[in-house]
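The primary structure of each chain is shown beneath.
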Amino acid sequence: MKFRTFLLGLTVAGWASMATATCAAEPIVIKFSHVVAQDTPKGKAADKFKELAEQYTAGAVKVEVYPNSTLYKDKEELEALQMGAVHLLAPSLAKFGPLGVREFEVFDLPYIFDGYEMLGKVTNGPVGAQLLAKLEPKGILGLAYWDNGFKSFSANTPIHRPEDLRGRKLRIQSSKVLEEQMRALKALPQVMAFSEVYQALQTGVVDGTENPHSNLYTQKMFEVQKHMTITDHGYLGYAVITNKKFWDGLPAEIRAGLERAIKESTVYANQIAKEENDSALAAVRASGKTEIYTPTAAEKTAFKRALLPVHKKMASRVGADLIEAIYKATGFDPDSL
Ligand code: LMR
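Q: With reference to specific residues and values, describe unusual backbone geometry.
A: Despite not being glycine, Tyr-111 shows a phi value in the positive range, around 60 degrees. Within the fold, Tyr-111 resides in the loop between strand E3 (88-89) and helix H4 (116-123). By relative accessible area, Tyr-111 is classed as buried at 6%. Phi at Lys-220 takes a positive value of approximately 65 degrees, unusual for a residue other than glycine. Within the fold, Lys-220 resides in the loop between helix H8 (213-218) and strand E9 (227-229).

This is the structure in structure tokens:
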């Protein structure tokens, strides 16, 4: 641990000297690692950030984007960011628990957001800003929220009612709220890195999973899942983060260019998210490999009844006050069923 801190100190010193050498011929290299395909909301937004960042810093910065877990997998990427081996990430909000910041798991509560508009009241408001600030004691600066979308369940057997998932092994991200969500369905949650999901589904290590359509499609999971049900039962989105010492050590004019690029790529990310997920759903449908089921109103209510108790159960983990603040910001009434 001490050695790690020492190493980090060295790296930060390295950045500081690199950052002061603004007129050096060599550009500052910013590595942006992520785990999804390029052709997804996050993948496209990362590429847009690269384009804008290089433009706004007039080539003083070179952004290298590593998609599809080519550089790091889920857990490793956060460690690498803290060590300074990578500079930008956009992990799913469900993946901050292992870092010791549990509050982001509030976004995983089933049915807490009924669409992007409700979600935006949190991510674009004071609650979203307060959450990002919780990363700072970990040496991490939260720069923005990037949307992905609402999740559907998939498996090799039909899913019409909550009981249909009973006893099924379902892959989840590393979130205790998602674990509790699956337990509420009497399913068996299995935490697994994103890069391993396709193979786990293919070989039957797990029976099913949950995803926004863009991930189901671009990771080809639809090829190994016969059934998918549009439950929209939970949200999956991202926090764009950087190493605070690295960011603060950049020359002011470079940082300003990068901040502008973050701002504009965020607008872009959140503009394309719904469209990307809709077209991924259409592509899955067109493939004919996965039967897509839209639940009836009564079936959807049954999913809500089964899953809403997770809010109370997880209040002690994510914070009852935080849940209340979100209800207040969005107007969500958990007793409205
Ligand atoms: C997952 O692990 O399912 C997602 O977090 C992947 C992603 O980054 O969208």
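Q: Give me the lowdown on helix H6 (residues 176-184), citing residues and values where you can.
A: When we look at burial in H6, the residues that qualify are Val-177, Leu-178, Glu-180, Gln-181 and Met-182. Capping the start of H6 is the job of one residue whose side-chain oxygen sits 3.2 Å from the backbone nitrogen of Val-177: Ser-175. Just downstream of H6 lies Lys-186, where phi reads positive at about 60 degrees.

Q: I'd like a description of the sheet that holds strand E2 (residues 61-66), backed by residues and values.
A: The sheet built from five strands is open, its strands ordered E2-E1-E3-E10-E4 with mixed pairing. The open sheet is flanked by E2 and strand E4 (140-150), the only strands paired with a single partner. Pairing analysis gives two bridges linking strand E1 (residues 28-33) to E3, with the strands arranged parallel. When the sheet's bridge partners are listed, Ser-33 is paired in E3 with Leu-89. Here helix H5 (residues 126-133) sits on the sheet and contacts E4 and strand E10 (235-243); the angle it forms with E4, its principal contact strand, is near 125 degrees.

About the cut-offs
Residues numbered from 1 in each chain as written. Predicted model: local features only at pLDDT ≥ 70, side-chain atom pairs only at ≥ 80, totals over all residues. Heavy atoms only, no water. Helix = DSSP H or I, 4+ residues; strand = E, 2+ residues; numbered from the N terminus. Buried < 20%, exposed > 50% of the residue type's maximum accessible area, 1.4 Å probe, protein only. Polar contact = N/O pair within 3.5 Å; in protein donor to acceptor, adjacent residues only side chain to side chain. Pairing = 2+ DSSP bridges. Contact = heavy atoms within 4.5 Å. Axes fitted to C-alpha atoms, helices over the stretch in contact; angles between N-to-C directions.

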